[in-house]
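Fold and geometry: a report
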Amino acid sequence: MSDTTAPAFDFQDREPFWQNEWKRRSTFAVPDVPPADRPKYYVLEMFPYPSGQLHVGHVRNYTLGDVVARYKRARGFAVMHPMGWDAFGLPAENAARERNVHPGKWTMDNIATMRGTLQRLGFSLDWDREIATCLPEYYGKQQKLFTDMLAAGLVERRDSLVNWDPVDETVLANEQVVDGRGWRSGALIEKKKLSQWFLKITKFAQPLLDDLKTLDRWPERVRTMQERWIGRSEGARVRFALHQPPAGYDEDLDSVEVFTTRPDTLFGLSFVGISAEHPLARKVAETNPQAAAFIEECRRLGTSEEVIEAAEKRGFDTGLRVANPLDPEKTAPVWIANFVLMDYGTGAVFGCPCGDQRDLDFARKYDLPVPQVLLPAGQDAETFVLGKKAVSGDATLFNSGFLDGLDPATARKKVIERLEGLGAGKGVVNWRLRDWGISRQRYWGCPIPVIHCDACGPVPVPDELLPVILPEDVTFDRPGNPLDHHPTWKHVDCPHCGKPAVRETDTFDTFVDSSWYFARFTSPHAETPTVPAAANGWLPVDQYIGGIEHAILHLLYARFFTRAMHETGHLDVDEPFAGLFTQGMVTHESYRDDSGWLYPEDVERQGDQVVRRETGTPVQVGRSEKMSKSKRNTVSPVDIIERFGADTARWFVLSDSPPERDMEWTASGVAAAARFGQRLHRLVSAVAARDAADSVHGTAGDDLRRVTHRAIAAVGDALEAFTPNVAVARLHELTSALADAERVEGAGIAAARREAAQVLCLLVAPMMPHLAEDMMAVLEPGSALVVERPWPEAEEKWLAVQSVTIGVQILGKLRGTIEVPPNAPKEDVLAAAKNEPNVARLLEGKRLVKEIHVPNRIVNFVVAG
RNA sequence: GCGAGCUUGGCGGAAUGGUAGACGCACGAGACUUAAAAUCUCGAGUCCGCAAGGACGUGCGGGUUCGAGUCCCGCAGCUCGCACCA
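Residues numbered from 1 in each chain as written. Chains lettered and ligands numbered in written order. Predicted model: local features only at pLDDT ≥ 70, side-chain atom pairs only at ≥ 80, totals over all residues. Heavy atoms only, no water.

1. Here we look at the protein's contact with RNA strand B
Close contacts around RNA strand B come from 49 residues, with Thr261, Phe339, Tyr344, Arg675 and Glu733 the closest. Restricting the count to atoms of RNA strand B within 4 Å of the protein gives a sugar and phosphate share of 60%. Taking threonine 805, its main chain carries an N or O atom lying 3.0 Å from a base oxygen of RNA strand B. Within the side chain of arginine 857, one N or O atom sits 2.7 Å away from a base oxygen of RNA strand B. Here the element with the most residues in the surface near RNA strand B is helix H22 (residues 724-741); it accounts for six residues. Grouping the constituent residues of the surface near RNA strand B by class yields 19 nonpolar, 13 polar and 17 charged. (Near = heavy atom within 4 Å. Polar contact = N/O pair within 3.5 Å; in protein donor to acceptor, adjacent residues only side chain to side chain. Helix = DSSP H or I, 4+ residues; strand = E, 2+ residues; numbered from the N terminus. Nonpolar A, V, L, I, M, F, W, Y, C, P; charged D, E, K, R; others polar.)

2. Observations concerning the packing of helix H21 (residues 702-720) against H22
Direction vectors running N to C along H21 and H22 enclose 170°, while the axes themselves pass 8 Å from each other. The orientation of H21 relative to H22 falls into the category roughly antiparallel. Note on element contacts: H22 touches H21 through Pro724, Val726, Ala727, Arg730, Leu731, Leu734, Ala737, Leu738 and Ala741, opposite Leu704, Val707, Thr708, Ala711, Ala714, Val715, Ala718 and Leu719. Class assignment for the residues of the contact of H21 with H22 results in 15 nonpolar, one polar and one charged. (Axes fitted to C-alpha atoms, helices over the stretch in contact; angles between N-to-C directions. Parallel < 35°, antiparallel > 145°, perpendicular 65-115°, else oblique. Contact = heavy atoms within 4.5 Å.)

3. Re the sheet that holds strand E14 (residues 327-337)
Pairing is mixed in the open sheet, where four strands are placed in the order E13-E14-E12-E15. In this open sheet, the two strands that pair with only one neighbour each are strand E13 (315-324) and strand E15 (348-351). Averaged over all neighbouring strand pairs, the angle between strand axes comes to 25°, with direction disregarded. Pairing analysis gives three bridges linking strand E12 (residues 271-274) to E14, with the strands arranged parallel. The residue bridging isoleucine 274 from the neighbouring strand is isoleucine 336, located in E14. The strands touched by helix H8 (residues 279-287) within the sheet are E12, E13 and E14, with E13 carrying the most contacts at an inclination of about 120°. (Pairing = 2+ DSSP bridges.)

4. Details of the pattern of salt bridges
The full count for this structure, using the stated rule, is 50 salt bridges. Two residues, aspartate 148 and lysine 144, come together in a salt bridge whose shortest N-O distance is 3.0 Å. Of this pair, aspartate 148 and lysine 144 both sit in helix H5 (residues 136-151), separated by four residues, roughly a single helical turn. With its nearest N and O atoms 2.6 Å apart, the salt bridge here joins arginine 314 to glutamate 297. Here arginine 314, found in the loop between helix H10 (305-310) and E13, pairs with glutamate 297, found in helix H9 (residues 289-301); they are 17 residues apart in sequence, far enough to count as distant. Judged by its relative accessible area of 26%, arginine 314 falls in the partly exposed class. Of the residues examined, glutamate 297 reaches a relative accessible area of 26% and is grouped as partly exposed. (Salt bridge = Lys/Arg side-chain N within 4 Å of Asp/Glu carboxyl O. Buried < 20%, exposed > 50% of the residue type's maximum accessible area, 1.4 Å probe, protein only.)

5. A word on the sheet that holds strand E36 (residues 847-854)
Taken in spatial order, the four strands make up an open sheet running E35-E34-E37-E36, and their pairing is mixed. The sheet terminates laterally at strand E35 (813-820) and E36, the two strands that pair on one side only. When the angles between neighbouring strand axes are averaged without regard to direction, this sheet yields 20°. As defined by bridge partners, E36 adjoins strand E37 (residues 858-864) across seven bridges and the pair is classed as antiparallel.

6. As for the pairing of strand E10 (residues 232-241)
Pairing analysis gives seven bridges linking E10 to strand E18 (residues 425-431), with the strands arranged antiparallel. Its bridge partner lying in E18, valine 238 is registered against glycine 425. Pairing of E10 with strand E11 (residues 255-260) involves six bridges; the strand directions are antiparallel. Across the sheet, residue valine 238 finds its bridge partner in E11, namely valine 258.

7. Points about the pairing of strand E21 (residues 450-453)
As paired elements, E21 and strand E22 (residues 457-460) share four bridges and run antiparallel to each other. Residue pairing for E22: histidine 452 is matched across the bridge by proline 458. Between E21 and E22, which pair antiparallel one after the other, the connecting turn spans three residues. Relative to strand E24 (residues 500-503), E21 is paired through two bridges, and the arrangement is antiparallel. By the bridge assignment for E24, isoleucine 451 is matched with arginine 503.

8. Brief notes about the environment of aspartate 774
Inspection of the secondary structure assignment puts aspartate 774 in helix H24 (residues 769-779). Looking at aspartate 774, the relative accessible area reads 7%, which means it is buried. When near neighbours in sequence (up to four residues on either side) are disregarded, aspartate 774 contacts Phe9, Arg14, Trp18 and His681.

9. A word on the state of the cysteines
Under the definition given, this model contains zero disulfides. No disulfide involves cysteine 456; its sulfur sits 3.6 Å from that of cysteine 497, the nearest cysteine. In this structure cysteine 456 comes out as partly exposed when scored by relative accessible area, which is 29%. Looking at the unpaired cysteine 497, the closest cysteine sulfur is the one in cysteine 453, lying at 3.6 Å. (Disulfide = S-S within 2.5 Å.)

10. Some thoughts on helix H26 (residues 826-835)
Burial in H26 covers these residues: Val829, Leu830 and Ala833. When H26 is viewed along its axis, its buried side chains cluster within an angular range of 95° and face the same direction. Opposite the packed face of H26, turned more than 90 degrees from it, sit the exposed residues Glu827 and Asn835. Those residues of H26 that are buried lie in contact with strand E34 (804-810), E35, helix H27 (837-843), E36 and E37. (Arc of directions from axis to C-beta.)

And the structure:
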């Protein structure tokens, strides 16, 4: 760019300048305990994994948070707005294996790079609170939380079948298995028996469910997803004794326990279905090769997507029979069924075809009896025949002995009473939620602070020996856990008896790290995990912002952890996040030609066509979709900042789309944002140069003052409503009004222009903070920084309008508009409306039935004839 | 299958039950310029009309209302989540 077209705002120079000013003044620092003189506001964005580069999704996320933080700050809140790094995890180990770089170095280098980008974006963060979960100052405190939870009975060690990811060579939580595959590796998951640590999240199942109702500033769908994930269902456990059990079927194997939500239909028993992994199924397989083959087949197909897709119900008759506990004369067969899950309920179901579609399909397929026990409302017991559809909706019990004539809800209670009396079952609440297995056979994570002693068993590492530091000298030359291979690290003396013992070499699931960081931010340097006065003062987070992908796992774990920390005395709140906002993705068009996918910077628009920059050859444009490396439809924030500046990037991501929706990244949108910033700076600079600072108000400025004060109100409303796109639109309007006012002359216009310019500085500041400071410095040299000024107040006087334009409708159709003074008397407005030429013309010869007048809004004439 | 959400110009989107399409992008015309860029001004839902004006118009079909993008009922399409949950 030549000198003659030099930009009004030189972001290369000025943005770092203002960032330095804020830093020099510690503008964004807040004390550990919130100050008493102001209300507190805690804004938090989900902290990033240090993958190497910030991506535009981060820019959107953190810009949204920064707008909230800066706005609330200007509104007089003490704003906590911290940033940190979710720094443990697999990619660092993969980098170590692939590139021979230590995970710690790789991670810290990435953090340095990404921190630089965040700082270059000018976010109002308290950098003194920065934490990285991979540093002992953080994970050591996490170890303390763990040993406290262990002491409080919130942790358990269990042998359990775990989801084993054969590629990553680690255990995964149920939540991390997606369609039978590892969420990260995509490998088919195997079942393996290991001794594992579990956090007893199920202990809090009821409060975690109940308190969802209190989270009224969370998106409905997130609450629904959590509710379903927790999965409370009321029913009964019923024990079916084997009818004439064969020899060897004793102790636990002489009966089958099922879970059912429909004990009322027990007289409709057709079969008992057990999982292929059920102990009884294994027992049968010992002597029955066909059963063994069927089980093997189920296991092979068990979790793959195709099976769920096809959903074919298949079974194998074991030849065993069970007696109905309510009527021991009646027996039913036991089938191994591929649709019965071992890890839900008891791994066994009782089949009642009459009341359950799946059971009906199964019974029909294998020609099992279909006892009819549910009579749909309006049907006659004599004539009712069950077709292909199981009974649903209103019904009463029949053919069910003592339950005949009852509705299902009443019958359930009666059956449970009877079963409990017989000792054959009891009413229970069953949860879908499992305890949280947190052991991972990984190096780059927080060591689990336990020592295993042959004599004493697992011994928690005592406080004075914490933190257990991750050794640095490890090798990645073979699969499995490097901690396990380390020559010396794991060999220690038992803290109890002093005999040689070994350390636990498993590390925590990284979701543990992110389950309490919001609390640590309130006292990031404390010797204890939290300082209760700080944590209780700042928590809950008032506004949490992040992607929807964490709707279940992270948010549920964090809610659990907060309760567990409450129980162990580290804080006394239960819900960590009072307000949750899930922002949409950033998308981009994709481009390809014969050579493959092309990066956005390799193509350019020529008229209606998109062509390859180097060759001018046409390029196919794909729909806008989530940015991905494979489609090369990515944009680098660093690149954007270098070319257009931080404020342009910030303004653009806020401009068009409402934040909860996906937004499309476009080059023209970025250019427009850059243009607006320059235009605004030019306008304000022109005001500073032309209009004297001591100008006085006068009537020539009234119109502009009205626009200015309405903008103050509208931008405030938009930011309160979390719709920065609307705030942006209002700011465009005020800017255009100021531009129009350049042509106005007369007493007072200068003062009005100065006021508008000043207000523009204050109102754009949450979005474009550097530009705002720079404009203010030009407009009012030597005065307070924008960031130290309060949000402007709209004056009522200027919100009132001089005249209002009222639409005049006839039968609800707009026929004209009239200008009247605000709050004009009804008679005057109606008279003016009737005088409007077009309205008068259309009213002629019509009979007026009704006149509707909504003050300052609309007039509607209802006519006939 | 269950659940949540979405559907408004060429595009992103705005709109406490009250003048649909604010604001921006793209587009067109003009000004400035030797020219281009930048900047500025103006225009624009569709159709009919020179115009005044009119008809139609927020996925589709109904309803409530003086008045519906907005509320209610039904349907379709798309997106996301869960999914053999007993």
